[in-house]
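Observations on the model geometry
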Amino acid sequence: MQALNYLELAGKLDRSGIGTAVEQQRRALAETDVDVRTSPWAGGDPVSGLRRAVTDGDAFADFDLAHCNMIGPGTVAVARYARRNGVPLVLHSHVTSEDFAESFRGSTYLADPLRRYLQWFYSLADLVLCPSEYTKQTIGSYPVDAPIRPISNGVDLESLDGYEDCRQEYRDRFDLEGMVVFSVGNVFERKGLTTFCRLAQETDYDFAWFGPYDTGPQASQTVREWTQDPPENVTFTGWIDDKRGAFGAGDVYLFPTKAENQGIAVLEAMACRKAVVLRDIPVFEEFYTHGEDCLKCETRAEFREALAELAANPDLRERLGENARETAERHALGRVGQELKGIYHDLVDDTTY
């Protein structure tokens with residue numbers, strides 16, 4: 001089987017959670033018998049595809065199934081091609097109106113129009129995949145007129161090998177000492193930026209957020225304010241080339257996000273045996289258990305208490321970290337690849353006569 005695994009605007013999304021999720025899909029499928037192509041266009045790019053369309057009438061390459069991971073015009077073109085030609089179409093819901101809010105400047109105002117667009121867009125699919133039962137319920141409520149199936153984004157365990165060896169280098173680079181409270185990923189208010197910084201102001205630990213942040217006109221006011229004038233014990237590192245450095249340098253992974261579809265960086269922190277402190281939101285109920293592989297908090301006072309408990313009790317940090325590693329292993333890419341392979345074959349078989 002030849003399957004298209006398409007990420008529109010891949011070059012602009014390579015530092016995003018969507019980019020990581022798609023990269024992991026492809027790594028997972030590489031261990032199966034599915035032959036993956038990444039471009040839908042005849043000739044490998046849109047210009048070549050248009051040229052082919054002019055000369056022989058077909059802008060698209062051949063594939064048995066289309067699995068698309070974005071929501072833009074290129075993806076809509078692929079979806080319409082698939083519908084016209086009886087090619088099974090999988091649309092992956094990495095974007096909801098709920099998690100789009102409080103990301104970029106103006107994103108909150110666009111959330112409602114986005115919801116109406118996503119209702120139409122996801123309804124084009126033969127199957128919508130999403131990272132969690134929570135996301136299934138969310139997009140199902142729009143409503144979406146297509147079957148919806150959760151599948152974990154997974155975690156690339158091998159990509160984190162050697163994180164311990166990066167510890168001193170990255171602690172020295174960013175002047176970090178003691179129990180380091182950290183987060184990984186794009187800096188958004190939706191991911192709990194204000195809570196992260198307020199907790200730093202209220203405690204004495206070193207805090208570090210490893211990940212890129214916008215400073216231009218697209219950046220939200222909140223992101224600009226915190227990153228330009230952070231508390232003295234907070235470091236915003238910007239993009240780092242080796243994510244293992246973040247997980248090596250940090251001790252307690254703090255993720256006070258307000259909305260999430262799964263959270264790959266949480267699984268990465270767990271894979272690195274870190275104690276994890278999460279906001280108690282519905283999506284985390286299906287994956288993680290308070291007191292076993294993480295601590296969950298609702299208020300800032302609870303977050304402070306959790307950090308104090310972890311600082312005073314290294315044995316608790318170790319126990320949570322070991323249990324967290326077991327949780328991460330249940331989301332290994334080998335399992336994701338086999339599940340994707342089964343989904344692809346089922347859809348192709350259903351449309352073969």
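Look up a bit, the structure's there.
Let me sum up the structure you'll find in this document. (Residues numbered from 1 in each chain as written. Predicted model: local features only at pLDDT ≥ 70, side-chain atom pairs only at ≥ 80, totals over all residues. Heavy atoms only, no water.)

Side note on the overall build of the protein chain
Each helix and strand in the protein chain was counted, giving 15 helices and twelve strands. The C-alpha extent of the protein chain, read off along each of the three principal axes, is 65 × 40 × 40 Å. For the protein chain, with 353 residues in total, the buried portion stands at 56%. Relative to all contacts within the protein chain whose residues are 6 or more apart in sequence, the contacts with residues 24 or more apart total 71%. A total accessible area of about 15,700 Å² is found for the protein chain, and carbon and sulfur atoms account for 45% of it. (Helix = DSSP H or I, 4+ residues; strand = E, 2+ residues; numbered from the N terminus. Buried < 20%, exposed > 50% of the residue type's maximum accessible area, 1.4 Å probe, protein only. Contact = heavy atoms within 4.5 Å. Areas by Shrake-Rupley, 256 points an atom, 1.4 Å probe, with all protein chains shown as cover.)

Topic: the packing of helix H13 (residues 300–312) against helix H14 (residues 314–329)
It is at 5 Å that the axes of H13 and H14 come closest, and there the two elements cross at 105°. If you check the angle between H13 and H14, you find them roughly perpendicular. Touching Glu309, Leu310, Ala311 and Ala312 of H13 are Pro314, Leu316, Arg317 and Leu320, all from H14. (Axes fitted to C-alpha atoms, helices over the stretch in contact; angles between N-to-C directions. Parallel < 35°, antiparallel > 145°, perpendicular 65-115°, else oblique.)

Describing empty space enclosed by the protein
Evaluation of the coordinates by the stated rule reveals one cavity of 30 Å³ or more. In this structure, the largest cavity spans a volume of roughly 50 Å³. Residue lining of the largest cavity: Ala21, Gln25, His92, Ile151, Ser152, Asn153, Val336 and Leu340, and that is the complete set. Contributions of two or more residues to the lining of the largest cavity are made by helix H1 (17–29) and helix H15 (333–350). Residues belonging to the lining of the largest cavity are distributed by class as follows: four nonpolar, four polar and no charged. (1 Å grid on protein atoms, 1.4 Å probe; cavity = no way out; pocket = protein on both sides within 12 Å on 5 of 7 lines; lining within 4 Å. Points joined across faces, edges and corners; volume = space filled by probe spheres on them. Nonpolar A, V, L, I, M, F, W, Y, C, P; charged D, E, K, R; others polar.)

As for the nonpolar core
Core analysis: the biggest nonpolar cluster contains 37 residues, and Phe210, Tyr253 and Tyr288 have the highest contact counts within it. Looking at this core, the elements that each hand over two or more residues are strand S7 (180–184), strand S8 (206–210), helix H10 (244–249), strand S10 (252–255), helix H11 (264–271), strand S11 (275–279), helix H12 (282–285) and H14. In terms of residues, this core owes the most to one element, H11, which gives six residues. Those residues in contact with Tyr288, other than ones at most four positions away along the chain, are Gln262, Gly263, Val266, Leu267, Met270, Leu278, Asp293, Cys294, Lys296 and Thr327. In this structure, Tyr6, Ile18, Trp41 and Val76 belong to the second largest nonpolar core, which totals 36 residues. (Core = buried A, V, L, I, M, F, W, Y, C linked by side-chain atoms within 4.5 Å.)

So, the environment of Asn153
Tracing the chain through its elements places Asn153 in the loop between strand S6 (148–150) and helix H7 (167–173). Since its relative accessible area comes to 10%, Asn153 is described here as buried. For the pair Asn153 and Thr20, spaced 133 residues apart in the sequence, the C-alpha separation amounts to 8.9 Å. Asn153 has contacts with Ala21, Gln24, His92, His94, Pro131, Gln262, Ile264, Leu333 and Val336, leaving out every residue within four places of it along the chain.

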